Amino acid sequence: MKQKTLEVLEFNKIKTTLLNEVISDLGAAKIHQLSPSTDFDTVVAQMEELDEIAQIYNQYRLPSLSGLSQISAYVKRAQIGGTLNVQELNAIKRMIQIQNQFKTFYNQLVDDEETINYPMLDSQTMLLPVLTPLYQSIREKCDETDLFDAASYELQSIRSKISKTNQRIKSQLDRIVKSSGNQKKLSDAIVTVRNERHVIPVKAEYRQDFSGIMHDQSASGQTIYIEPSSVVELNNQVSRLRNEEKVEMERILAQLTASVAEESDALLVSEDVMGHLDFLIAKARYGANIKATKPTFTTTKSIYLPKAYHPLLDRETVVANTIAFDEDIQTVIITGPNTGGKTVTLKTLGLIVIMAQSGLLVPTLDGSQLSVFENVFCDIGDEQSIEQSLSTFSSHMKTIISILNEANENSLILFDELGAGTDPSEGAALAMSILDYVQSIGAQVMATTHYPELKAYSYNRPGVMNASVEFDINTLSPTYKLLMGVPGRSNAFDISKRLGLSLKIINHAKTMVGHDEKEINTMIASLENNAKRIDDQRIELDRLVREAESLHQQLSQKYTQYQNYEARLMEEAKEKANQRVQSATQEADTILKELRDMRDRKGVEVKEHELIEKKKQLDDQYEVKSIKQNVKKQRHDVIQVGDEVKVLSYGQKGEVLERIGNDEAVVQMGIIKMKLPIEDLEKKEKVKEKPSKMITRSNRSTVKMELDLRGYRYEEALSALDQYLDQAVLSNYEDVYIIHGKGTGALQKGVQQHLKQHRSVSSYRTGMPSEGGFGVTVATLK
């Protein structure tokens, strides 16, 4: 796409607005590189990818990317043997933390919404590597500014010695400054530091009263800072310990840097994926701000932008217009008054095409359609140059010649005031000739003009359509509404009448206008009314069709849910009935036993076959529960030998061993082989082997932030708690909720005692009333 076109259509302003939506320098770099693609598959793919993230952005609260930054320079320095500092290691740690949070969020989303598919986003998250061990290493060794004392045993020992020595120094200096004999000799009764040595501030005239080393003096020269001789050796000890501390810190940082170097490839992949996600989320956020929608792309030449508006204009005041090139229309000519919105319409069309081909949502109603163009050419605005001695006409013509030399059938050309700046008759003829040429090469064209001759141009040229911008006679101002299919009509008589020109003069002027022109103006007025009505009806029809499709989809889902609910109720009813029959049968057995005992003891006449017959009547009421399920097939892929399938009626996975005709197949489910109808089988994707270098999709079964131990035995509960805490630490959770119920309080006491001793738990508390009260314990992880 030509750079001049991007400048004329102000695409850089769109990119500037996008820069306000990104979080990191990674996303900003991708926005700076953003440009429209001309490959159809690429354009469709990037729009589908944006649509997936936009769906999630509009429905859920995405994890924060705050703190995400470029780490490639740090990783490459680690690869060549450099040593990273604490701030650089923290940038890497933050990157890993952000990617883990996003993976956890995405896995939870996919688990909760099994029917929703995000194939392109899924492919991105699959690339995110497992870097939790590196994250834990950095987290355990340092905070945001420095290494922890406990980063190593040696460092802890050195810092402990430094602290103790400094305390001894301060203690000795405190005695000096607090001595009553020294009060008048000191500028202030404090201990301070100069050149990393502890000193005292002494008045210059008392310098000889203090033996020691002078390190500094005040600007006025009245105060000098002396290190007393009594603490010189202690300060020297601190200096030696500081050097040892520095060496040990370098060793620890080098060790952490080596760990970074080992994961360099994975870290660079993580940086690329997270930067791309930041870029996508920024585009989705911008689309939501301007209420933009997803266009569809067609391989045939098509432009349909319902209620499109320029994204750089005020959304509250801008007039939205429908821009449409019908199937057999190649050229649209817009006529109308100056400042009526013709040029804005051209820029709106051109900018929307560029935005769509750059993977951005477009400012239109739902249902927009676009072709993918190799180039968008613009002749918009006056580029008259005094230095180059070019007139307005010459300047336009120079641009037009350049366009005609480069345009082809896959181009979109935008002409503003075509043929203007010269003799009207010659300009109109030249404009029609240029339009004939670009139509002959197959390019799609939108042009604005003042020439009345071009109003009739579309009526004797196939593939050409008129359009106009509306003018309100009552207010004597343009409405900025675009009327497709209607040429602009002259309003000179009406405007003159509104301004107060004598009716006699106006009527005399009308007699000079040919009868054909009067009929044309009348016809145009009628076309304006019809065009506005049809445009409104088309928009309304599109809305109703979308609502009908959405309603149909919702009803289908509700009907399926109803059928499943009905089947579940029937199963529950049968189960309850079976329980009652079983209870009655047991009661009958008891009565029969008592009757037999009575017969045996007292000789009562009760025939055995009558007793058995009565019991059988109860047994016959029992409903046999089928293990088969009535599940409707959702996918209709071709089933082949070797495919992994789900057997819907049994809810089990299996593998197809043999096809029997077109309607049946032999399926292996565990140790069972069964012949089943094809309609009972739904194809599943086989699980791919994980790459040897990089483990992807860790924690696929997402860890929830709560563990329910109600109903567990004591030993089972503690074992489950141990496993859950390990998984929660790997998911980078800070707080988790352990639900143990109230009961006797034994389980609560056991859980809290276990948390108190657990290596990954920093603290715990009883839940607030809104969190479950005494039935819940909230644990904070390290």
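Just so it is clear, the model here is predicted, and its values are computed rather than measured.

### Focus: the overall build of the protein chain
Then, in step 1: Along its length, the protein chain carries 20 helices and 23 strands.
Then, in step 2: Relative to its 782 residues, the protein chain shows a buried fraction of 42%.
Then, in step 3: Here the contacts in the protein chain between residues at least 6 apart in sequence split such that 67% fall between residues at least 24 apart.
Then, in step 4: For the protein chain, the exposed surface amounts to about 43,400 Å²; the carbon and sulfur share of it is 50%.

### Here we look at the pairing of strand E15 (residues 644-647)
Then, in step 1: Side chains Val 645 and Val 647 of E15 all project onto a buried face; the interleaved residues Glu 644 and Lys 646 project onto a face where none is buried.
Then, in step 2: Two elements, E15 and strand E16 (residues 652-660), share four bridges in a ladder whose sense is antiparallel. From the neighbouring strand, Lys 646 faces E16, where its bridge partner is Lys 653.
Then, in step 3: The antiparallel pairing of E15 with E16 creates a hairpin that spans four residues between the two strands, and Gly 651 there sits at a positive phi of about 65°.

### Here's the deal with the UniProt feature "binding site: ATP" (unreviewed entry) in the protein chain
Then, in step 1: The positions that UniProt labels "binding site: ATP" (unreviewed entry) are, in the present scheme, Gly 336, Pro 337, Asn 338, Thr 339, Gly 340, Gly 341, Lys 342 and Thr 343.
Then, in step 2: If you trace the backbone, Lys 342 turns up in helix H12 (residues 342-357).
Then, in step 3: Residue class for Lys 342 comes out buried when judged on its relative accessible area of 4%.

### Quick notes on the side chain of Glu 49
Then, in step 1: Here Glu 49 lies in helix H4 (residues 40-59).
Then, in step 2: One buried charged residue, Glu 49, forms no salt bridge at all, with the nearest opposite charge on Lys 283 at 6.3 Å.
Then, in step 3: Residue contacts for Glu 49: discarding those within four places in its chain leaves Met 120, Gln 124, His 276 and Leu 280.

### Section: the confidence of the model for the protein chain
For any part of a model where pLDDT is low, the fine detail of the predicted coordinates should not be relied upon.
Then, in step 1: Mean pLDDT over the protein chain works out to 81, with 83% of the residues at or above the 70 mark.
Then, in step 2: Here residues 515-520 is a poorly scored stretch, pLDDT under 50, and it has two contacts once near neighbours within four places are set aside; other chains count.
Then, in step 3: Overall, residues 690-701 carries pLDDT values under 50, and its contacts beyond four positions in sequence, including any with other chains, amount to 27 contacts.

### Quick notes on the sheet that holds strand E17 (residues 664-669)
Where strands meet in a sheet, backbone hydrogen bonds hold them as pairs that are either parallel or antiparallel.
Then, in step 1: With antiparallel pairing, five strands are arranged side by side in an open sheet as E18-E17-E16-E15-E19. Sheet topology places strand E18 (672-677) and strand E19 (681-684) at the edges, where each strand pairs with a single neighbour. Each strand of the sheet is rotated relative to its neighbour by a mean of 45°, with strand direction disregarded.

### Brief notes about the pattern of salt bridges
Then, in step 1: Inspection of the entire model under this criterion finds 20 salt bridges.
Then, in step 2: Ionic pairing is found between Asp 51 and Lys 294, a salt bridge with its closest N-O pair at 3.8 Å. In this pair, Asp 51 is assigned in helix H4 and Lys 294 in the loop between helix H11 (264-289) and strand E5 (296-297), connecting sequence segments 243 residues apart.
Then, in step 3: If you follow the salt bridges from partner to partner, you end up with Asp 146, Asp 149, Arg 159, Arg 242 and Glu 245 in one network.

### Description of the sheet that holds strand E22 (residues 761-766)
Then, in step 1: In spatial order, the strands read E20-E21-E23-E22; together these four strands make up an open sheet with mixed pairing. The sheet is open, and its two borders are formed by strand E20 (706-708) and E22, each paired with just one other strand. Neighbouring strand axes in the sheet, compared pairwise and without regard to direction, differ in orientation by 20° on average.
Then, in step 2: Pairing analysis gives five bridges linking E22 to strand E23 (residues 776-781), with the strands arranged antiparallel. Bridged to Tyr 764 within E23 is Ala 779.
Then, in step 3: Its contacts with the sheet place helix H20 (residues 746-757) against strand E21 (735-739), E22 and E23, and it is angled at close to 155° to E22.

### Comments concerning unusual backbone geometry
Then, in step 1: Of note, the phi angle at Glu 10 is positive, near 65°, even though the residue is not glycine.
Then, in step 2: Mapped onto the elements of the fold, Glu 10 is located in the loop between helix H1 (3-8) and helix H2 (11-19).
Then, in step 3: What makes Glu 10 partly exposed here is its relative accessible area of 22%.
Then, in step 4: The phi angle at Asn 195 is positive, at roughly 55°, despite the residue not being glycine.
Then, in step 5: Mapped onto the elements of the fold, Asn 195 is located in the loop between strand E1 (192-194) and strand E2 (197-203).

### Digging into the packing of aromatic side chains
Within a pair of aromatic rings, the relevant descriptors are the distance that separates the centres and the angle that separates the planes.
Then, in step 1: Counted according to the given criterion, the structure contains one aromatic pair.
Then, in step 2: Residues Phe 102 and Phe 105 carry aromatic rings whose centres are separated by 6.1 Å and whose planes lie at 55° to one another, so their mutual orientation is tilted. Taken together, the residues Phe 102 and Phe 105, both in helix H6 (residues 86-112) and three residues apart, mark about one turn of the helix.
Then, in step 3: Given the relative accessible area of 2%, Phe 102 is considered buried.
Then, in step 4: Taking the ring centre of Tyr 225 as reference, the NZ or CZ of Arg 194 above it sits at 4.1 Å.

### Points about the packing of helix H9 (residues 153-177) against helix H10 (residues 229-262)
Then, in step 1: At their nearest, the axes of H9 and H10 sit 9 Å apart, and the two run at 160° to each other. By the angle class used here, H9 and H10 are roughly antiparallel. As for how H9 packs across H10, the hand of that crossing is left-handed.
Then, in step 2: For the contact of H9 with H10, the residue count by class is 12 nonpolar, six polar and nine charged.

### Observations regarding helix H14 (residues 424-440)
Then, in step 1: The terminal C-alpha atoms of H14, which comprises 17 residues, lie 24 Å apart, in line with the 24 Å expected from a rise of 1.5 Å per residue.
Then, in step 2: Within H14, burial applies to Gly 427, Ala 428, Ala 431, Ile 434, Leu 435, Val 438 and Gln 439. Seen from one end, H14 has its buried residues packed into an arc of 130°, which puts them on one side. Opposite its buried face, H14 presents the exposed residues Glu 426 and Ser 440, each directed more than 90 degrees away.
Then, in step 3: Where H14 terminates, the next one or two residues include Gly 442, which has phi positive at roughly 95°.

### Observations concerning the environment of Val 86
Then, in step 1: Among the structural elements, Val 86 can be located in helix H6.
Then, in step 2: A residue is classified by how much of its surface remains accessible, and Val 86, at 6% relative accessible area, is buried.
Then, in step 3: A C-alpha to C-alpha distance of 6.3 Å links Val 86 and Thr 145, two positions 59 residues apart in sequence.

### Focus on the environment of Leu 313
Then, in step 1: For Leu 313, the location among the structural elements is in the loop between strand E6 (303-308) and strand E7 (321-325).
Then, in step 2: Distance in space between the C-alpha atoms of Leu 313 and Val 344 is 9.8 Å, their sequence separation being 31 residues.
Then, in step 3: What Leu 313 contacts, discounting residues up to four positions off in sequence, is Val 318 and Val 344.

### Observations concerning the packing of H6 against helix H8 (residues 132-141)
Then, in step 1: Axis separation between H6 and H8 bottoms out at 9 Å; the angle between their running directions is 135°. By the angle between their axes, H6 is oblique relative to H8. As H6 runs across H8, the sense of the crossing is left-handed. For the pair H6 and H8, contact is made by Leu 89, Ile 92, Lys 93, Ile 96, Gln 97 and Asn 100 and by Thr 132, Leu 134, Tyr 135, Ile 138 and Arg 139, respectively.
Then, in step 2: Tallied by class, residues from the contact of H6 with H8 come to six nonpolar, three polar and two charged.

Thresholds applied
All residue numbers refer to positions counted from 1 along the written sequence of the respective chain. Reporting of local features is limited, given that this is a predicted model, to residues whose pLDDT is at least 70; pairs of side-chain atoms are given and counted only at 80 or more, and all residues count toward the totals for whole chains, interfaces and linings. Hydrogens and water molecules were not included; the side-chain quantities draw on all heavy atoms of the structure. Only DSSP runs of H or I reaching four residues or more are called helices, and only runs of E reaching two or more are called strands; each is numbered from the N terminus. Only protein chains enter the calculation, and the probe is 1.4 Å; a residue is then buried if its accessible area is under 20% of its type maximum, exposed if over 50%, and partly exposed in between. Note on definitions: a residue-residue contact is assigned when non-hydrogen atoms from the two residues lie within 4.5 Å. Calculation of accessible area relied on Shrake-Rupley with a 1.4 Å probe; when residues are assessed, cover is drawn exclusively from the protein chains displayed. Strands pair, by our definition, only if DSSP identifies at least two bridges between them. UniProt positions are given in the numbering used here, feature names are shortened, and annotations may be inferred rather than shown by experiment. Here Asp and Glu are counted as negative and Lys and Arg as positive; His is not counted, and neither are the chain ends. For salt bridges, the criterion is a side-chain nitrogen of Lys or Arg within 4 Å of an Asp or Glu carboxyl oxygen. A residue's pLDDT is the predictor's confidence in that residue, given on a scale from 0 to 100. Structural elements are reduced to axes, namely lines fitted to C-alpha atoms, with helices fitted over the stretch in contact, and the angle between N-to-C directions of any two is expressed from 0 to 180 degrees. We call Phe, Tyr and Trp rings a pair once their centres come within 6.5 Å, taking the six-membered ring for Trp, and we label the pair stacked below 30 degrees between planes, edge-to-face above 60, and tilted otherwise. Consider the ring centre and the ring normal. A charge sits over the ring if Lys NZ or Arg CZ is within 6 Å of that centre and within 35 degrees of that normal. If an angle is under 35 degrees, it is roughly parallel; if it is over 145, roughly antiparallel; if it lies from 65 to 115, roughly perpendicular; otherwise it is oblique. Whether a crossing is left-handed or right-handed is set by the direction in which the near helix is turned from the far one by less than a right angle, anticlockwise for left-handed and clockwise for right-handed. Charged residues are taken to be Asp, Glu, Lys and Arg, nonpolar residues to be Ala, Val, Leu, Ile, Met, Phe, Trp, Tyr, Cys and Pro, and polar residues to be all remaining types, Gly included. To estimate how far a helix should extend, the number of its residues minus one is multiplied by 1.5 Å. An arc is given here, and it is the one of the directions from the helix axis to the C-beta atoms.

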